[in-house]
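# Topology and contacts: notes
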Amino acid sequence: MDATAQFDPIHPKDIMDKLLKPALTMGVVDPATIKPEHVAKAPEKHKAAPKKKKAAAAAASDEVEEFKKPPLAGMLNCFDFESVARETMEPQAWGYYSSGGDDEITLRDNHLAFQRITMRPRILVNVREIDMTTQVLGVPASLPLYFTATALAKLAHQEGEVAIVKAAKKAGVPYMLPTLSSYTLDEMLAARAPGQQVFSQLYVNPERSRSEEYVKKLEDAGVKALFVTVDAPQLGRREKDMRNKFTQQGSDVQGDDEGEGEVDRSQGATRAISSYIDPGLCWDDVPWLKSITKMKVLLKGVQCGEDAVAAYEAGLAGCVLSNHGGRQLDTCRPGIEILPEVVEALKEAGADKQDFTVFIDGGIRRGADIFKAVALGAQAVGVGRPVLYSLASYGQNGIVRMVHMLQDELQMVMRLSGTPNVASITEKHVLTTNLADHIVPLPVDNLTAGTYQALEPAAKL
């Protein structure tokens, strides 16, 4: 079957060379041998779900009101972009991006954890001028933030990662190029402006030669740092993604295979890429990782103090405290909750912030979240879904607008906290008494509640 029409719109041209073992690339297909019955049709575009009228109006009429996208200037926070993206994205794309592991407890707690940290502002500090600029692994940044790697950005917008590269330059922040991108590495690198510096994320391939070739290409292109993902020896069960895949295909496509139990087509986009990630990756491979590049090597997905210390003692440049956006092992702790434990463990091990850099990602939606992470010891924070949702909603300009909103929020928080620059933000500006306590009563977060799409059983679909 020729699936080009379905495959090409979201996958890069070099995906076979990047992921497949050489033995599996069988050669060039002769177009003359492809008959019409062999060609799979491109998927039809799904219209955005119409918005229902309010209860009172709905009772009087069965009519529905079509969704009207608000102007970009109407976006006031990250949650606004999420609500627009949900209405405008293809159902399968929305399911892939928004899904979390299992019951999505960690997905939600990633943001809620920031609310368990309270502010401790200082007064009568000269905050006439606020300087948010900093450096992320030596790369200048307009604020302590970078765009973290996210897969298949064409699911959000046709310009995909190319638009993110350009938006990162305009916003003045680094971008971590993803391994599982929609555009080729060459296309992403070509989108850089003169002097623009980027990082890259790496899934280690079971065929190590593929990873070595990829890393060499990154280094030759001047990429500054390599973030090796270590929290995904198997990709998690993301039921929104799985459910979407199942319901879109339907019984007619599955045919007799499913009835006989021979084919499992319900795994969604997530499982389609699992086989290209090496589950055998371990600490013994760290010397190999360091040997294949002169770039700074960091581990992405550290979730406890012991592993952070092990990374430091192995001579790595740093780590990202991350649970993969709540998409892997459910009920894991958020990166912000792990941060104090890691900072203390590294301090006891004799690590210096200049020698070993700590980042976090997951759940950052407000300027205050950035402030709290920096206060607790992170050099910067990574954002993923906000980039995708703003891209899906308004393209490259949406991403830039999203960063500017976070800058406005962070500026306000820094001024009200009595911190005129990033270096002045310390642990004394926040209280973490309840950070690890998951039963603290909190007020309802209406923006989260309004944009979060709850999981539904099959009978309700």
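Scroll up a little and you will see the structure.
Residues numbered from 1 in each chain as written. Predicted model: local features only at pLDDT ≥ 70, side-chain atom pairs only at ≥ 80, totals over all residues. Heavy atoms only, no water.

## With respect to empty space enclosed by the protein
The final tally for this structure, using the stated rule, is 2 cavities of 30 Å³ or more. In this structure, the largest cavity occupies an estimated 750 Å³ of space. Mapped by element, the contributors of at least two residues to the lining of the largest cavity are helix H4 (78-88), helix H5 (91-98), helix H6 (105-115), strand E11 (380-383), helix H16 (385-417) and helix H17 (446-451). (1 Å grid on protein atoms, 1.4 Å probe; cavity = no way out; pocket = protein on both sides within 12 Å on 5 of 7 lines; lining within 4 Å. Points joined across faces, edges and corners; volume = space filled by probe spheres on them. Helix = DSSP H or I, 4+ residues; strand = E, 2+ residues; numbered from the N terminus.)

## Digging into H16
Because each turn of an α-helix spans 3.6 residues, side chains separated by three or four positions in sequence point in the same direction. Counted at 1.5 Å a residue, the expected span for H16 with its 33 residues is 48 Å, but the 27 Å between its end C-alpha atoms falls short. Taking the largest bend as the criterion, H16 deviates by roughly 135°, centred on tyrosine 394. At the exit of H16 stands glycine 418, carrying a positive phi of roughly 80°. (Expected span 1.5 Å × (residues − 1). Bend = angle between axes of the 7 residues up to and from the residue.)

## Things to note about helix H13 (residues 305-313)
Buried within H13 we find Gly305, Ala308, Val309 and Ala311. Buried residues in H13, looked at end-on, bunch into an arc of 160°, giving them a common side. Exposed residues pointing more than 90 degrees away from the buried face of H13 are listed as Glu306 and Glu313. Where the residues of H13 are buried, they touch strand E8 (296-302), strand E9 (318-321) and helix H14 (335-348). One or two steps after H13, the chain reaches glycine 315, where phi turns positive at roughly 85°. (Buried < 20%, exposed > 50% of the residue type's maximum accessible area, 1.4 Å probe, protein only. Arc of directions from axis to C-beta. Contact = heavy atoms within 4.5 Å.)

## A short note on the side chain of histidine 429
Tracing the chain through its elements places histidine 429 in the loop between H16 and strand E12 (430-431). Residue class for histidine 429 comes out buried when judged on its relative accessible area of 7%. Other than its neighbours up to four places away in sequence, histidine 429 contacts Thr118, Met119, Arg120, Arg122, Phe371, Ser417, Gly418, Thr419 and Ser424.

## Digging into the environment of leucine 289
With respect to the secondary-structure elements, leucine 289 resides in helix H12 (residues 286-291). For leucine 289, a relative accessible area of 3% translates into the label buried. A C-alpha to C-alpha distance of 8.8 Å links leucine 289 and glutamate 212, two positions 77 residues apart in sequence. In this structure, leucine 289 is in contact with Leu202, Val204, Val228 and Val297, ignoring residues within four places of it in sequence.

## A closer look at the pairing of strand E7 (residues 225-229)
Taking burial as the measure, the 5 residues of E7 include 5 buried ones, the bulk of the element. Of the two faces of E7, the one lined by Ala225, Phe227 and Thr229 and the one lined by Leu226 and Val228 are each fully buried. Taken together, the 3 bridges between strand E6 (residues 199-202) and E7 define a ladder with parallel strand orientation. Each residue of the ladder has a partner; that of glutamine 201, found in E7, is phenylalanine 227. Traced from E6 through helix H9 (residues 208-220) to E7, the parallel crossover comes out right-handed. Pairing between E7 and E8: 5 bridges, direction parallel. Opposite valine 228, over in E8, you have leucine 299 as the bridge partner. (Pairing = 2+ DSSP bridges. Right-handed = clockwise from strand over helix to strand, strands pointing away.)

## As for the pattern of salt bridges
Opposite charge on two side chains allows them to pair when their charged atoms are near. On inspection of all chains with the given rule, the structure shows 12 salt bridges. One salt bridge in this structure joins arginine 116 and aspartate 109, with 2.8 Å as the shortest N-O distance. By the burial criterion, arginine 116 is buried, and aspartate 109 matches it. Residues aspartate 285 and arginine 208 are paired through a salt bridge, measuring 3.3 Å at the closest nitrogen-oxygen approach. Of the two residues, aspartate 285 is situated in the loop between helix H11 (268-272) and H12 and arginine 208 in helix H9; the sequence distance between them amounts to 77 residues. Salt bridges linked by common partners bring Asp109, Arg116 and Glu337 together as one network. (Salt bridge = Lys/Arg side-chain N within 4 Å of Asp/Glu carboxyl O.)

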